[in-house]
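Read off the chains here:
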Amino acid sequence: MVALLTLFANPFPYSYSSSSSSSLLPHPPIPPRAVRFSLALVSAFHPHKWFCVLNFSKASRIELKPLFAEVGLRPTDQISVQCSCTNTPTDLRIDTGFLFAFFREIGLDEKETELLLEKNPALALTSLDSVRARVHSLQSVGINSLDFSYLIAKCPSVLTSEEIGPFICFVRDELEAKIEPAQLKRLLTSTDPRFLVGFDQKVKLILHHGVPREKIFFVLNNVNLTKALCLRPVEEIEKTITYLSRFGGIDLIVRRPAILNYDLDSQLTPRIGFLLELSGGDKDATGLVLRKFPLILSYSVKHVAGHVEFLRSFAGLNDQEIFRILLVFPSLVSASKERKLRPRIEFLKQCGLDSDDIFKFLIKAPLFLGLSLNNLEYKLVFLVKIGYRYRTKDMSVAMGSVTRTSCENLQKVIGLFLSYGFSCADIVSMSKKHRQILQYNPSSLEEKMEYLIEDMGREVGELLTFPAFLGYKLDERIKARYEAKKRITGEGMSLNKLLTVSTKTFSTKKKEKKLLHTVEKLNSNEDNCRLGSEKIEMILPTIEDLKGLKLE
């Protein structure tokens, strides 16, 4: 409906003269000037608080500030607005002075308030109570004064839009105001208020599909609310969750909420489909890769396919081997092909590894592909210094082992062995027999060596023949078995035989030896009893002795 508004304004209602004797009497009021312009009246008045949103027509393009200037008013003056339309005439009074005073209280100066009124003319027709209530509701969900100033400057309609009220109430009451203010600010400044309608239904849908309530706040704070919820219909969100349920679903969303940002048809389906094809159609294995590294879904099919093709062509691996490596190290796709993958695989080739050896190496030591160049170089130098030959298979195996430990830990382990009298050659020899020895915790190693020397009474040099001793748990394996064996066979026993047999075999042998020990003990007791009886028989009086004995 198009209406004609006539604005009557008199910025100087009375005129005074200091030189005239009649200056005490007011002059007749100056007739107000009238300005007519066309606008569309797009909303009706409410019964309890009058509220009107004006959308100026493109023909007039009149804004409040030029309009005030044209009628000779400052923005703080009162304007009398007479509305004439085809149906009924309306007379409104707009007092913008209270807005300037109110916004000054919350940190906006006059220029900022003028700009705010220019961007949102409907604000001038909104009651102070409505504006104050909206400001308080925004503050109740954590929007502070600085954020508030930015928010209304970027999106003035936040103070007048009807859709924002129910949204704020839902965030405050149902979500316990646990959506981060920065997240709310991003949402309100980038989303048309119309798309906030139904936000509560979409959140409840996610909860209904299994996201724990205590996790929903994490999800909502780590997702693009505009893209993932506001701009998508409920049906599309449900379709996405249903599709993901085949591969971990809710667990994926909780661990990586940004998955909800992706479009189902153009992003999620082709990306998961590529991994599914690489796995040979194994949904469980594909789901395991996704759960281990949900971030893999942020990479395009082109990106992941590029890494797969590189491993095919440069490392000589087939699709099954590549997928198995992805199973143990899915973040492989985040490593640069040229800066990380190529030089590392080239090193393995220089050490004499073929494609089969490379596959076995990467399955056991996938971190080799992800560590920084400085980390690897430091460890490489350490291994060379203790005696490993550069670019040999032994060197590659040792490098695979030390990828699982820090540079500091490696240095402490080598220092510990040297302090116990081992030479560098001894350390290399032990690490070739038991590869993990260089990655163990030095404190744990020291405890085991002390027990070997002090409690078991053995020589530390025995570790040269059986370094795997240091890989067993001290209390559960070493102490328990040693104490059990010592009671049966004494202290002299093979460390290898003591620890390498399975728990079942050890228990069986233990029982057999206990039984044998018991039988031997019993036999010994019987012999002693027999010997004792013979001795007793020798001293027992005979019948003849008794016959010759006369009792008084």
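The rules behind these values
Per chain, the residues get numbers from 1 upward, laid out in the order the sequence is written. Reporting of local features is limited, given that this is a predicted model, to residues whose pLDDT is at least 70; pairs of side-chain atoms are given and counted only at 80 or more, and all residues count toward the totals for whole chains, interfaces and linings. With hydrogens and water set aside, each side-chain value is computed from the structure's full complement of heavy atoms. Starting at the N terminus, helices and strands are each numbered in turn, a helix being any DSSP run of H or I of at least four residues and a strand any DSSP run of E of at least two. Should any heavy atoms of two residues lie within 4.5 Å, those residues are considered in contact. The rule is short: rings of Phe, Tyr and Trp, with Trp giving its six-membered ring, pair when the centres are within 6.5 Å, and they are stacked under 30 degrees, edge-to-face over 60, tilted in between. Only lysine NZ and arginine CZ atoms are considered, and such an atom sits over a ring when it is within 6 Å of the ring centre and within 35 degrees of the ring normal. Criterion for a salt bridge: a side-chain nitrogen of Lys or Arg within 4 Å of a carboxyl oxygen of Asp or Glu. For every residue, the accessible area obtained with a 1.4 Å probe (protein chains only) is divided by the maximum for its type, and the residue is called buried under 20%, exposed over 50%, and partly exposed between those limits. In this analysis, axes come from line fits to C-alpha atoms, helices being fitted only over the stretch in contact, and the angle between any two N-to-C directions falls in the range 0 to 180 degrees. Small angles under 35 degrees read as roughly parallel and large ones over 145 as roughly antiparallel, with 65 to 115 read as roughly perpendicular and the rest as oblique. Take the far helix as the reference: if the near one is turned anticlockwise from it by less than a right angle, the crossing is left-handed, and if turned clockwise, right-handed.

Trainee: Which residues make up the overall build of the chain, and what values go with them?
Mentor: In terms of helices and strands, the chain carries 27 helices and five strands. Across the chain, every contact between residues at least 6 apart in sequence was considered, and the portion connecting residues at least 24 apart equals 69%.

Trainee: Give me the lowdown on the packing of aromatic side chains, citing residues and values where you can.
Mentor: Within the structure shown, the criterion is met by twelve aromatic pairs. Ring geometry for Phe347 versus Phe368: centroids 6.1 Å apart, planes at 35°, classification tilted. Taken together, the residues span a long stretch of sequence, with Phe347 in helix 17 (residues 337–350) and Phe368 in the loop between helix 18 (355–364) and helix 19 (373–386) at a distance of 21 residues. Here the aromatic residues Phe347, Phe361, Phe368 and Tyr390 are joined through ring pairs into a cluster of three or more. For Arg271, the ring lying beneath its charged end belongs to Tyr262, and the centroid distance is 5.4 Å.

Trainee: Any details on the pattern of salt bridges? Residues and values, ideally.
Mentor: Inspection of the entire model under this criterion finds 19 salt bridges. Here Asp357 and Lys393 are joined by a salt bridge, their closest N and O atoms 3.5 Å apart. Here the residue Asp357 occupies a position in helix 18, and Lys393 occupies one in helix 20 (residues 393–402), the gap between them amounting to 36 residues. Judged by relative accessible area, which is 22%, Asp357 ranks as partly exposed. Here Lys393 falls in the partly exposed class, since its relative accessible area comes to 45%.

Trainee: I'd like a description of unusual backbone geometry, backed by residues and values.
Mentor: In the Ramachandran plot, Ala177 falls in the positive-phi region, its phi being about 55° despite a non-glycine side chain. If you trace the backbone, Ala177 turns up in the loop between helix 6 (164–174) and helix 7 (181–190). Here Ala177 falls in the partly exposed class, since its relative accessible area comes to 29%. The phi torsion at Arg391 lies on the positive side, around 60°, for a residue other than glycine. Within the fold, Arg391 resides in the loop between helix 19 and helix 20. Its relative accessible area of 43% is what places Arg391 among the partly exposed residues.

Trainee: So what's going on with the packing of helix 13 (residues 264–278) against helix 14 (residues 283–292)? Residues and values would help.
Mentor: With their axes 9 Å apart at the nearest point, helix 13 and helix 14 run at an angle of 125° to one another. Compared by their axis directions, helix 13 and helix 14 come out oblique. Our pair here, helix 13 against helix 14, has a crossing hand that is right-handed. On helix 14, the residues that touch Ile272, Leu275 and Leu276 of helix 13 are Lys283, Thr286 and Leu290.

Trainee: Give me the lowdown on the side chain of Glu321, citing residues and values where you can.
Mentor: By the secondary structure assignment, Glu321 is in helix 16 (residues 319–328). Discounting chain neighbours no more than four positions away, the residues touching Glu321 are Gly316 and Phe359.

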